[in-house]
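Geometric and topological summary
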Amino acid sequence: MARPRKFEEEQAVEAAMRAFWKAGYEATSTQDLCAATGLGRSSIYNTFAGKHDLFEKALRHYMDERNAALAELMDGDLPIKEKVRTVLWWAVEPDPGDPAGCLVVNSMIELAPRDPEVAELLRRDNDKRFEMMRAAFETARARGQLDAAKDPLALARFVFATVSGLRVMARGGAGRPALESVARTALDAV
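Below you will find a few notes about this structure.

Scanning the model with the defined rule gives 17 salt bridges in all. Its salt-bridge partner being Asp53, residue Lys57 comes within 3.1 Å of it at the nearest N-O pair. Highlighted residues: Lys57 and Asp53, both in helix α4 (residues 51-75), separated by 4 residues, approximately one helical turn. A residue is classified by how much of its surface remains accessible, and Asp53, at 23% relative accessible area, is partly exposed. The shortest N-O distance in the salt bridge between Glu120 and Arg124 comes to 3.5 Å. Taken together, the residues span about one helical turn, with Glu120 and Arg124 both in helix α7 (residues 116-142) at a distance of 4 residues. Given the relative accessible area of 40%, Arg124 is considered partly exposed. Linked by salt bridges that have partners in common, Glu14, Arg18, Glu65, Arg66 and Asp98 make up one network.

In structure tokens form, the structure reads like this:
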């Protein structure tokens, strides 16, 4: 019995996400996507409108997975310093099976300056993550876990920028000691 098309699409999007994450949008050819997904060229074009459509679906999939984990963490009961530490260490010590860097950060650098659709998708995603972090800092301040003089929005931006920088450093080959030193320094700011 054949697998349902929805299942195949989900698998293809996951595989394409990893291919784009590893090589970037421009460097990932249709042939690379065929090899990654196990689909033929015609199946890719019959299932998705083209490479850009598949990329957008893969990027949304990546963002949905990462944002779900962030929301769970930020909504949890850990003290704010532990929440921030966890977020920073996701960048310092990523899953060993994941490509280096971050698909969102990579896409901001590679595509956002010249692709308005991707730029808007990334902007909305950034706003969502900023808001999750800002709300967690606000809650922490209300609970007395954060100095009342600290600005929750500025801290959210700082953590986001630090994590993005860590992802770029990792993509560029920085070792764990360098990544940990940046993360520890950032954690001291909270």
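Here the narrative resumes, following the displayed structure.
Before going further, it helps to examine the packing of helix α6 (residues 103-110) against helix α8 (residues 152-171). Relative orientation of the contacting elements α6 and α8 amounts to 85°, with a least axis distance of 9 Å. When the axes of α6 and α8 are compared, the pair comes out roughly perpendicular. Taking contact as the criterion, the partners of Val105, Asn106, Met108 and Ile109 in α6 are, on α8, Phe160, Ser164, Val168 and Arg171. For the contact of α6 with α8, the class distribution of residues is 5 nonpolar, 2 polar and 1 charged.

Cut-offs and rules
- Residues numbered from 1 in each chain as written.
- Predicted model: local features only at pLDDT ≥ 70, side-chain atom pairs only at ≥ 80, totals over all residues.
- Heavy atoms only, no water.
- Salt bridge = Lys/Arg side-chain N within 4 Å of Asp/Glu carboxyl O.
- Helix = DSSP H or I, 4+ residues; strand = E, 2+ residues; numbered from the N terminus.
- Buried < 20%, exposed > 50% of the residue type's maximum accessible area, 1.4 Å probe, protein only.
- Axes fitted to C-alpha atoms, helices over the stretch in contact; angles between N-to-C directions.
- Parallel < 35°, antiparallel > 145°, perpendicular 65-115°, else oblique.
- Contact = heavy atoms within 4.5 Å.
- Nonpolar A, V, L, I, M, F, W, Y, C, P; charged D, E, K, R; others polar.

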